[in-house]
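What follows is the residue order along each chain.
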Amino acid sequence: MDKEKLADKFSKKIKEITPSREVRAIHICGTHEQAITQYGLRSLLPDNFDLTMGPGCPVCVTPAREVDEAIELAKQGVTIATFGDMLNVPGSEESLSDARSEGADVRVVYSINEALKIAKDVEELVFFGIGFETTAPTNAAILKSNPPENFYILSSHRLIPPAMELLVDMDVNFDGFIAPGHVSTIIGKEPYEVFANKYDVPTIITGFEPLDILFGVLKFFEQIDSGETKVENAYERAVRDKGNQKAQKMMTEVFEVFDAKWRGIGEIPNSGLKLSDEFREFDARENFEIELGESRDIHPGCKCHLILTARGTPEDCGLFGDECTPQDPHGPCMVSDEGECNIWFRYGRRPKMDI
Amino acid sequence: MCVGVPGKILEIEENEAIVDFEGTKQKVRVDLIDNVEEGDYILNHVGHAIEVLPEKEAKERLKLFREYLDSLEE
């Protein structure tokens, strides 16, 4: 049986058990949104089912103030290395790309490993480290393997389960979570148990191939149908129940959890990672003077903060597609490859499925 | 950002492996996983292997989906 037939069969099965009321699930991952939109998966799902994106875009949720910190360091003459998406994200006034065009040394890297190599050739190198639980351990691993003395990290890591809890607390109306597969590779099932046990929200750990996503959605509807709420792992080939314990241990050793701000959303308890005291010699914030003025997360007209909390879609934004495009983005959701606005701009909302 | 790409380990030297991604070879750090061997499939995220993938389950994914869907018909 080929993939198309399997997809049709998943679609049929899902529709068979979908209740007649409106049903809504939130996924927390730009990579999920990319696959759902690119492959037109919404066209295979019931019309009364809304599968929408939450705050699953690390570039989008990094506060303008932290972008400003990187820009300020770059202007001081420090070499900054970061992922490509961070280059064009607007800070309060400008982006790292703007700073680069004014002569600052800003390098785009695919991995922290490349940043380490650049450190050999420059005086001081700061890696602007963003990302969720999937990415934070990679930075922890590097700090635990004796990086050079001129290597620093500007940590802007954020944690997914506290942001999911915020959505529950915000009373955003929804029936369940499609949990991010590769965050779950690291953290396993346990951190999601609170959603099933305390809040009665079905939570399905889901992979990223189109069929993985349909499988995750079917599992979600099976729980809606049966009334039994639990955390299920629908991505067993890459997620162990306990996650990657070695990666968790490294993350705990190098970072400590703190109450962190999310761009346009505000502070979420226990949702960020900062370097622990033992690793402060590598902490850019401890080793450089960074003086900043007021910061501004949301630029006029931008609805990124509503889109990131599943309270709106790109189509609810008056700037989307006209004034705001990937070439001239007004907010981070249009800059990042993982931002919902950027993805919808590139692929359209409900294209025909073509697999 | 949280993209993960499967690849096959060709060689390991200390904490670095040469990994084959369908013909493209790249260096990947293996600090985050234990008991990894040449020939294993790993999931690469920004230059680090974050999990070892069971080859059988990955290869038989479509078969497993089909079996699951068939089981619902019974």
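Just above, that's the structure.
Throughout, a residue's number is its position along its own chain's written sequence, starting from 1. Labels are handed out in written order, letters beginning with A for the chains and numbers beginning with 1 for the ligands. Only residues with pLDDT of 70 or above have their local features reported here, since the model is predicted, and side-chain atom pairs are shown and tallied only from 80 upward, although totals for entire chains, interfaces and linings are computed over all residues. As a rule here, side-chain values cover all heavy atoms of the structure and leave hydrogens and water aside.

Points about empty space enclosed by the protein
All names here are of chain A.
- Put simply, the grid is 1 Å and covers the protein atoms alone, a cavity is a trapped set of points that fit a 1.4 Å probe, a pocket is an open set with protein on both sides within 12 Å along at least five of seven lines, and lining residues have an atom within 4 Å of a point. Grid points are joined across faces, edges and corners, and a volume is the space filled by probe spheres set on the points. This model, assessed by the stated rule, comprises three cavities of 30 Å³ or more.
- Its volume calculated, the largest cavity comes out at about 70 Å³.
- In terms of lining residues, the largest cavity is bounded by C302, K303, C304, C317, L319, F320, C324, H330, G331, C333, M334 and C341.
- For this classification, Asp, Glu, Lys and Arg are treated as charged, while Ala, Val, Leu, Ile, Met, Phe, Trp, Tyr, Cys and Pro are nonpolar and the rest, including Gly, are polar. Here the lining of the largest cavity is built from residues that sort into nine nonpolar, two polar and one charged.

What about the state of the cysteines?
Residues and elements named next belong to chain A.
- The definition used for a disulfide is geometric: two cysteine sulfur atoms within 2.5 Å. For the coordinates displayed, the defined rule picks out two disulfides over all chains.
- Disulfide partner of C304: C333, at an S-S distance of 1.9 Å. Looking down the S-S bond of the C304 and C333 bridge, the torsion is 85 degrees, so its handedness is right-handed. Here the residue C304 occupies a position in helix 15 (residues 304–308), and C333 occupies one in helix 16 (residues 332–335), the gap between them amounting to 29 residues.
- With a 1.4 Å probe rolled over the protein chains alone, any residue whose accessible area is under 20% of its type maximum counts as buried; one over 50% counts as exposed, and the rest are partly exposed. Classification of C304 as buried rests on a relative accessible area of 4%.
- Across chain A, the way the bonded cysteines pair up, counted in sequence order, is 1-2, 3-4.
- Distance from the sulfur of C317, which forms no disulfide, to the nearest cysteine sulfur (C302) is 6.1 Å.
- Of all cysteine sulfurs in the structure, the one in C341 sits closest to C324, which takes part in no disulfide; the separation is 6.3 Å. A run of H or I in DSSP counts as a helix once it spans at least four residues, and a run of E counts as a strand once it spans at least two, with each numbered from the N terminus.

A word on the layout of surface pockets
- Taken as a whole, the largest pocket encloses approximately 990 Å³ of empty space.
- Along the wall of the largest pocket there are 31 residues; nearest its centre are E209 and R237 of chain A together with G4, V5 and P6 of chain B.
- Of all the elements in the fold, those that place two or more residues in the lining of the largest pocket are helix 2 (30–38) and helix 12 (210–226) of chain A together with strand 1 (5–13), strand 2 (16–21), strand 4 (41–45), helix 1 (55–59) and helix 2 (61–73) of chain B.
- In terms of residue class, the lining of the largest pocket is built from 15 nonpolar, six polar and 10 charged.

Looking at the interface of chain A and chain B
- Listed as interface residues are 44 residues of chain A and, on the opposing side, 32 residues of chain B.
- The term buried area refers to how much accessible surface (probe radius 1.4 Å) is lost by two components on association, counted for both of them together. Buried surface at the junction of chain A and chain B, both sides included, amounts to about 3,400 Å², of which 63% is carbon and sulfur.
- Contact with chain B buries area across many residues of chain A, yet Y110, R237 and K246 of chain A alone supply 17% of it, more than any other trio.
- Here, a salt bridge means any side-chain nitrogen of Lys or Arg that lies within 4 Å of a carboxyl oxygen of Asp or Glu. Across the chain A-chain B interface, the total number found is five salt bridges.
- Between K246 of chain A and D34 of chain B there is a salt bridge whose closest N-O contact spans 2.9 Å.
- Polar contact is defined as a pair of N or O atoms within 3.5 Å, subject to the rule that within protein one atom must be able to donate a hydrogen and the other to accept it, and that residues adjacent in sequence are counted only when both atoms are side-chain atoms. One can count 16 residue pairs in polar contact (both at pLDDT 80 or more) joining chain A with chain B. Any pair of residues with heavy atoms lying within 4.5 Å of one another is described as a contacting pair.

With respect to the packing of helix 7 (residues 112–119) of chain A against helix 8 (residues 136–143) of chain A
Residue and element names in this part refer to chain A.
- Only C-alpha atoms enter the line fits that serve as axes; for helices the fit covers just the stretch in contact. Angles between N-to-C directions range over 0 to 180 degrees. Taken N-terminus to C-terminus, the directions of helix 7 and helix 8 make an angle of 35 degrees; their axes are 10 Å apart at the nearest point. From helix 7, I112, N113 and L116 reach across to helix 8, where they touch T138, N139 and I142.
- Taken together, the residues of the contact of helix 7 with helix 8 break down into three nonpolar, three polar and no charged.

So, the pattern of salt bridges
Residue and element names in this part refer to chain A.
- Counted by the stated rule, this structure contains 28 salt bridges over all chains.
- The salt bridge involving E66 is made with R285; its shortest N-O contact spans 3.9 Å. Here E66 is found in helix 4 (residues 64–75), whereas its partner R285 is found in helix 14 (residues 284–287), with 219 residues between them in sequence.
- Put simply, E253 and K144 hold a salt bridge, and the shortest N to O gap is 2.7 Å. Linking E253 in helix 13 (residues 245–254) with K144 in the loop between helix 8 and strand 6 (151–158), this pair joins segments that are 109 residues apart in sequence.

A closer look at helix 2 of chain A
Residues and elements named next belong to chain A.
- Taking burial as the measure, the nine residues of helix 2 include eight buried ones, the bulk of the element.
- Taken as a whole, helix 2 has its buried residues at G30, T31, H32, E33, Q34, A35, I36 and T37.
- Following helix 2 by one or two positions, G40 adopts a phi angle in the positive range, close to 65 degrees.

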